[in-house]
Amino acid sequence: MEKTDVDRLRRLDREHMWYPWTPMDDWMANDQLVVERADGCWLIDPEGRRYLDGRSSMGMNLHGHGRPELVEALVAQARKAGETTLYRVSHPAAVELAARLADMAPPGLQRVFFAESGSTAVETALKAAYAYWVAKGEPERSTFVSMANGYHGETLGTISLRGVNNDQVDMIRKTYEPLLYPSLSFAQPDCYRCPVGKSGGGCELDCTDSLEEILVREKGKIAAVIVEPRVQALAGVITAPEGHLAKVAEIARRHGVLLIADEVLTGWGRTGTTFSCEAEGVTPDLLTVGKALTGGYLPLSATLATEEIFDAFRGGAFLSGSTYSGYALGAAVALASLDLYEKEDVLGRARALADVLTAELEPFRGLSHVGDVRQLGLIAGVELVADRETRTPFPPQDRIVERVCTLARDNGVLVNAVPGDVITMLPSPSMSHDDLRLLTGTLFRAIREVTGE
């Protein structure tokens, strides 16, 4: 792209664009990164500079950019039909994809309801859970319980799920508070800052006691418990100790409430199993998928449900859905993506890459301003602290993680910052081992430079 074209693009950007989660004054005051094209795990700007995408386009990029198999599937479906909607009309791609998802999901999840994004998939699960109880003659079950600091999306329904002590999620709630419905939250399994004071060891999963207390106190009022299984990414990559998910599921079952597993980020091998729930043998009543479902090529998500949930709606209709539910182009690409997932053993590659990531993260633990390093599969977080002994955070005005991420970007690597001074990495399973080492090495040097190591 010629320089005059780049300048024109940036001018139009400043005049017309409005970005999500972006302070617009800062954006318009600087020449920010513009991605013109991509190749594998690399993003390329109009001047030809290359950036290694250490966040896999927010967890969407499963196979790398430029995969001909996915492009060909898109073109082939477009030649047949772009979109026909699923309102009393079906199409082969959606039917085949639903059967494929049911086959790959934890046993018992046989029904598939399609949406467009992770947020709308979770919103669908919330509506399905409440409508299930209405059909059962228990409409008073209208309250949802989520994990503290949880994040489940951007709709009013998903924002209503409480995010306690998380500046970013709290900011959303404070902004839209009058529009939201009440919800409850139980303790997150934060082993670094253990809510029940056992971060030094001796964990007996006492953090689940607060869930038990809520379900006892609110007996007959809870529709469902919703969790991000085994890791809370936006909360700062909070990884749950082994057995935590299984115990949460057991508590929910014992108290007769539904369990929703939000696998929008954790699905498709990122945590070491196709779905994170599988690692602890848990089948939820409802499970959501999105992001990497199409490999990041088109927007598509799904809510999977058990036959028991589905049966509650057989005499009527589930009052949910939108024009693009089961988007034909997206479904066709998702089928091609699942073909690649199996043919190229993406799960095996993800596990091997996670082992490399574990080794590459070890030197971070020796940095004096790294308080904790957390990882589950291909989700990793490095928490920075002003004082390692007291775990005191840096003053907010230092903007420490923002400076680290900016320096890493200036050196050709993209990573994310989340509340709590945590830098996150979400490498794609398609990333090479050498590129992963470049990612971690660049971030390591950026942390040393910014913190004055």
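In this report, we go over the structure that sits alongside the text. By convention here, each chain's residues receive numbers from 1 onward along its written sequence. Side-chain atom pairs in this predicted model are given and counted only at pLDDT of 80 or more, local residue features only at pLDDT of at least 70, and totals for whole chains, interfaces and linings cover all residues. Values shown for side chains rest on all heavy atoms present in the structure; no hydrogens or waters enter the calculation.

**Remarks on the sheet that holds strand β3 (residues 50-53)**
Heads up, the condition is: We call two strands paired when DSSP finds no fewer than two bridges between them. Helical segments are the DSSP runs of H or I of at least four residues, strand segments are the runs of E of at least two, and each set is numbered from the N terminus.
Taken together, four strands build an open sheet; the order of strands is β1-β2-β3-β15 and the sheet is mixed. The outermost strands of the open sheet, each flanked by one partner alone, are β1 (37-39) and β15 (413-414). Across two bridges, the pairing between β3 and β15 is parallel. Paired with Leu-52 across the bridge in β15 is Val-413.

**Examining the pattern of salt bridges**
Applied cut-off: Every case where a carboxyl oxygen of Asp or Glu lies within 4 Å of a side-chain nitrogen of Lys or Arg is listed as a salt bridge. The cut-offs for exposure are 20% and 50% of the maximum accessible area for each residue type, with area from a 1.4 Å probe on protein chains only; residues under the lower value are buried, those over the upper are exposed, and the others partly exposed.
If you walk through the whole model with that rule in mind, you get 26 salt bridges. Across the pair Arg-374 and Asp-372 runs a salt bridge whose closest N-O atoms are separated by 2.9 Å. With respect to class, Arg-374 is no different from Asp-372; both count as buried. A salt bridge links Arg-399 to Glu-402; the nearest nitrogen and oxygen atoms lie 2.6 Å apart. For Arg-399, a relative accessible area of 41% corresponds to the partly exposed category.

**Focus: the pairing of strand β10 (residues 258-262)**
Within β10, five of the five residues are buried, leaving the element largely enclosed by the surrounding structure. Residues Leu-258, Ile-260 and Asp-262 point to one face of β10 and Leu-259 and Ala-261 to the other, with burial holding for every one of them. Bridge count for strand β7 (residues 222-227) against β10 is four bridges, and the pairing is parallel. Within the sheet, the bridge partner assigned to Val-225 lies in β10 and is Leu-259. Pairing analysis gives three bridges linking β10 to strand β11 (residues 286-289), with the strands arranged parallel. Along β11, the bridge assignment pairs Asp-262 with Thr-288.

**Overview of helix α1 (residues 3-16)**
Filter applied, for reference: Here the expected length of a helix is defined as 1.5 Å per residue gap, with one fewer gap than residues. This arc is taken over the directions from the axis of the helix to the C-beta atoms. Two residues form a contact once any of their heavy atoms are found within 4.5 Å.
End to end, α1 covers 20 Å across 14 residues, agreeing with the expected 20 Å (1.5 Å per residue, within 8%). Listing the buried residues of α1 in full gives Val-6, Arg-10 and Asp-13. One side of α1 carries all its buried residues, which in axial view fall inside an arc of 55°. Turned more than 90 degrees off the buried face of α1, the exposed positions are Thr-4 and His-16. In this structure, the buried side of α1 is in contact with α2 (24-29).

**Some thoughts on the state of the cysteines**
Put simply, the test is: Here, two cysteine sulfur atoms that lie within 2.5 Å of each other are counted as a disulfide.
One pass over the structure, following the stated rule, counts zero disulfides. Just so you know, Cys-41 is unpaired, no disulfide at all, and the nearest cysteine sulfur is the one on Cys-405, 18 Å from it. Exposure remark for Cys-41: the relative accessible area of 6% places this residue in the buried category. Cys-277 forms no disulfide, and the closest cysteine sulfur to it belongs to Cys-207, at a distance of 17 Å.

**Here's the deal with the side chain of Asn-416**
Definition in use: Pairs of N or O atoms within 3.5 Å make up the polar contacts considered here, provided that, within protein, one atom can donate a hydrogen while the other can accept it, and that residues adjacent in sequence are counted only when both atoms are side-chain atoms.
Relative to the helices and strands, Asn-416 resides in strand β16 (residues 416-418). Overall, the relative accessible area of 13% leaves Asn-416 in the buried class. A distance of 2.9 Å separates a polar atom in the side chain of Asn-416 from a polar atom in the side chain of Arg-55. Discounting chain neighbours no more than four positions away, the residues touching Asn-416 are Arg-55, Met-58, Cys-405, Val-422, Ile-423 and Thr-424.

**Side note on the layout of surface pockets**
To find leftover empty space, one rolls a probe the size of a water molecule over the atoms. We count it as follows: A pocket, in this scheme, is an open set of points on a 1 Å grid over the protein atoms alone with protein on both sides within 12 Å along at least 5 of 7 lines, while a cavity is a set where a 1.4 Å probe fits but cannot get out; residues line either one if an atom lies within 4 Å of a point. Grid points are joined across faces, edges and corners, and a volume is the space filled by probe spheres set on the points.
Taken as a whole, the second largest pocket spans an internal volume of roughly 1,000 Å³. Looking at the second largest pocket, it is lined by 31 residues, and the ones nearest its centre are Leu-86, Phe-113, Phe-310, Phe-318 and Ser-320. For the lining of the second largest pocket, the elements supplying multiple residues, two or more each, are α5 (92-104), β4 (109-115), α6 (118-135), β12 (301-306) and α11 (307-311). Ranked by residues supplied to the lining of the second largest pocket, first place goes to β4 with five residues.

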